[in-house]
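# Structural overview for review
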Amino acid sequence: MPFAANFPVMLRTTDGIRLEGAHTPGASDIGIVLAHGFTGSWRCADTRRITHVFSRFGGVVSFDFRGHGRSGGETTVGDLEVLDVEAAVRHARVIGYRKVAVVGFSMGAAIAVRHAALHGGVDAVVAVSGPARWYYRGTKPMRQVHWAIERPIGRMAARVVKRTRIARGQWDPVPMPPHEAAALISPTPLLVVHGDADTFFPLDHAHQLHSAAREPKELWVEPGYGHAESAARPDLVRRIGKWIVSNLS
């Protein structure tokens, strides 16, 4: 089955970064902003597949975070990216979506939660496979991620192999961690989705996010689900779409 048609979008953040993206129209007045994971892109097959499923529930604005793909700037791996989500949410409002949900995967999940806490202006948040806290190194994949972020050779490899340009240096100051942000987004509904087979972040991250949040909130622990976009089956994406519609209708 072919993917749903999408139309090019160029966004600009309040700090002047140009972001490449796409708008996939839907059949309702609900807009879904799709925030990809670290080294991802709206152009990736997994993201396009997810966009196609979501478009049955609302229009989708997908984009490349700063430092990713054809977007400008360098990634700060979860800090300034809240401005990228804000630009996408603003665009969704401008083109006519009455209600807007943000769905983030992995790094995008952390950013979606932080954006809702710091900027507001959204009607629902879904955090899929997201971290609850920074600097987690308890799994081999996350140790590899930190190597890519912190070492010059790792940043070079990310640039060449993944087209991801990573800002040098440490956070100063350290941004609010996702679990603290989760406590601030009520009354915006929050859905936390996490797999019990996630090789990046164990389930305690999902429980920490959910426990920190105030109502309304839900936690879905998905048996056999791995990590983020690549493991998200169409049936799970459809269930998330239905959750969004039920909370925004």
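For the structure given in this document, a descriptive report is provided here. (Residues numbered from 1 in each chain as written. Predicted model: local features only at pLDDT ≥ 70, side-chain atom pairs only at ≥ 80, totals over all residues. Heavy atoms only, no water.)

### Some remarks on the nonpolar core
- Membership of the largest hydrophobic core comes to 46 residues, with the highest contact counts inside it found for V33, F63, V125 and L190.
- The leading source of residues in this core is helix α2 (residues 81-94), at seven residues.
- Leaving out residues up to four positions away in the same chain, L190 has contacts with V113, V125, A182, I185, A213, P216, K217, E218 and W243.
- Formed by 26 residues, the second largest nonpolar core is a distinct cluster that contains F54, Y225, V237 and I244. (Core = buried A, V, L, I, M, F, W, Y, C linked by side-chain atoms within 4.5 Å. Buried < 20%, exposed > 50% of the residue type's maximum accessible area, 1.4 Å probe, protein only. Helix = DSSP H or I, 4+ residues; strand = E, 2+ residues; numbered from the N terminus. Contact = heavy atoms within 4.5 Å.)

### Quick notes on the environment of P152
- In this fold, P152 is placed in helix α5 (residues 152-162).
- For the pair P152 and I166, spaced 14 residues apart in sequence, the C-alpha separation works out to 9.7 Å.

### Section: the sheet that holds strand β2 (residues 18-24)
- Here we have eight strands laid out as an open sheet, ordered β1-β2-β4-β3-β5-β6-β7-β8, and mixed in their pairing. Unpaired on one side and paired on the other, β1 (7-12) and β8 (217-222) mark the two borders of the sheet. Geometrically, the sheet is characterised by an average inter-axis angle of 20 degrees between neighbouring strands, direction not taken into account.
- Sheet topology note: the strand β3 (residues 30-35)/strand β4 (residues 59-63) ladder contains four bridges and is parallel. (Pairing = 2+ DSSP bridges. Axes fitted to C-alpha atoms, helices over the stretch in contact; angles between N-to-C directions.)

### Notes on the packing of α2 against helix α3 (residues 107-118)
- Orientation of α2 relative to α3, taken along the N-to-C sense of each, is 75 degrees, at an axis distance of 9 Å. On the basis of the axis angle, α2 is roughly perpendicular to α3. Note on element contacts: α3 touches α2 through I111, R114 and H115, opposite E81, V82, V85, E86 and V89.
- Among the residues making up the contact of α2 with α3, the classes are represented as four nonpolar, one polar and three charged. (Parallel < 35°, antiparallel > 145°, perpendicular 65-115°, else oblique. Nonpolar A, V, L, I, M, F, W, Y, C, P; charged D, E, K, R; others polar.)

Everything listed here is a matter of geometry and, on its own, says nothing about what the molecule does.
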